[in-house]
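An overview of the molecular structure
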Amino acid sequence: MLRKVLCLTVILLGVSVALASAQSVLVMSDFNDMEGWTPASGDWEVDGNRLHQRSSSALMARVDHEIPDETVYEIRFNVRYEDGGYKSEQDLVNQIFHAGFGVHVGLANPLLGVESWGAGESYLLWLNLDTRGQTAEQYPDHFGLRAQVYESQGPVQMDLVTADWVERELGSEKLSIDIPAALRAAGIHLAISDVEPYLGHEIPMRIQVNNRTGTVRVADPTASVWYRLPLDANVLRAGDYLALRTNSLSVSFGDFRIVSAN
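Residues numbered from 1 in each chain as written. Predicted model: local features only at pLDDT ≥ 70, side-chain atom pairs only at ≥ 80, totals over all residues. Heavy atoms only, no water.

**Description of the overall build of the protein**
When helices and strands are tallied, the protein shows six helices and 16 strands. The buried share among the 262 residues of the protein stands at 49%. Considering only residue pairs separated by 6 or more positions, the protein has 71% of its internal contacts joining residues 24 or more positions apart. A total of about 12,300 Å² of accessible surface is found on the protein, and carbon and sulfur atoms cover 49% of it. (Helix = DSSP H or I, 4+ residues; strand = E, 2+ residues; numbered from the N terminus. Buried < 20%, exposed > 50% of the residue type's maximum accessible area, 1.4 Å probe, protein only. Contact = heavy atoms within 4.5 Å. Areas by Shrake-Rupley, 256 points an atom, 1.4 Å probe, with all protein chains shown as cover.)

This is how it looks when you write it as structure tokens:
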């Protein structure tokens, strides 16, 4: 069940397979080794041309990679669920899950090799699954299956983005979208059977960052659609790293690329 839920999470805000284009490849990592990647926390290693974060108990697993000085670029990779997301077999039976996966974009001044809550100045694009009762009672903005964006201002300062456009377009104070509720409101009811073909496969991801306008876009795997996030260009422009991170979740990554999208 957990594999299905987590795959659904990634698929909903993940991206579809893209055909090769004439865009210039700025960074390429086929994970023959750890070259270019600096683990900060978690259990990171390369195996089978994939970068694995093997710990399902690490709460702030993170690995950093330098990015080129480019005005508009696109991050491409695939991700595969491996293990974790629940504390015990009883929690699994009761469907009590807590797991997350995300990407820091526009990351400036990271503490390389050091575990931290935030990651320099950056935005964290985060997929979160939390079905714990105490979360529903105390932190409703984080309960359920959520698409979230955090703004990090340093190693200990990071919180959900608040902005006028969030209130105006989403009707909520913080950028934390209840995915099932949003789909139901749109008249879309997905069943687990809808995502069965994706189980056991790598899910391709594409994220486009525009340092000129501050726009970050994430592509949808189910349609030719990009989800647009109008963020602060000054934050993105200062970034010279990105980071992959997980919470209570073991995943692996493959076929990592950064391409010019100018």
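Resuming the write-up.
**So, the pattern of salt bridges**
Applying the stated criterion across every chain, the model contains eleven salt bridges. The salt bridge partner of Arg62 is Asp64, with a shortest N-O separation of 3.0 Å. Residue Asp64 is classed as buried on the basis of its relative accessible area, which comes to 0%. Note that Asp255 is salt-bridged to Arg257, the shortest N-O span being 3.0 Å. Using a relative accessible area of 41% as the deciding quantity, one classes Asp255 as partly exposed. Look at the salt bridges and you will find they share partners, linking Arg50, Arg80, Glu82 and Glu202 into a network. (Salt bridge = Lys/Arg side-chain N within 4 Å of Asp/Glu carboxyl O.)

**A look at the pairing of strand β6 (residues 72-84)**
Most of β6 is tucked away: ten of the 13 residues are buried. Sheet topology places β6 next to strand β12 (residues 203-210); eight bridges connect them, and they run antiparallel. Within β12, the position partnered with Tyr73 by the bridge is Val209. Inspection of the sheet shows β6 paired to strand β16 (residues 249-260) by ten bridges, in the antiparallel sense. Across the sheet, residue Tyr81 finds its bridge partner in β16, namely Val251. (Pairing = 2+ DSSP bridges.)

**Here's the deal with the pairing of strand β9 (residues 144-153)**
Within β9, eight of the ten residues are buried, which leaves it mostly tucked inside the rest of the structure. Sheet topology places strand β8 (residues 121-130) next to β9; ten bridges connect them, and they run antiparallel. Bridge pairing in β9 links Leu129 to Leu145. With three bridges joining them, β9 and strand β11 (residues 176-178) adopt antiparallel strand pairing.

**Some words on the packing of aromatic side chains**
The final tally for this structure, using the stated rule, is seven aromatic pairs. Arranged with centres 6.3 Å apart and planes meeting at 20°, the rings of Phe77 and Phe256 form a pair that is stacked. One end of the pair, Phe77, is in strand β6; the other, Phe256, is in strand β16, with 179 residues separating them in the sequence. Taking relative accessible area as the criterion, Phe77 reaches 3% and is therefore assigned buried. For Phe256, a relative accessible area of 1% puts it in the buried group. With centroids separated by 6.3 Å and ring planes inclined at 90°, the aromatic side chains of Trp117 and Tyr150 adopt a geometry described as edge-to-face. (Phe/Tyr/Trp six-rings, centres within 6.5 Å; stacked < 30°, edge-to-face > 60°.)

**Some words on the nonpolar core**
Nonpolar side chains in soluble globular proteins tend to end up buried together. Judged by nonpolar contacts, the single largest core of 43 residues is most densely connected at Phe77, Phe101, Val105, Ile207, Phe253 and Phe256. Contact partners of Ile207, with chain neighbours within four places excluded, come to Tyr73, Glu74, Ile75, Val103, Val105, Leu125, Val216, Arg217 and Val218. (Core = buried A, V, L, I, M, F, W, Y, C linked by side-chain atoms within 4.5 Å.)

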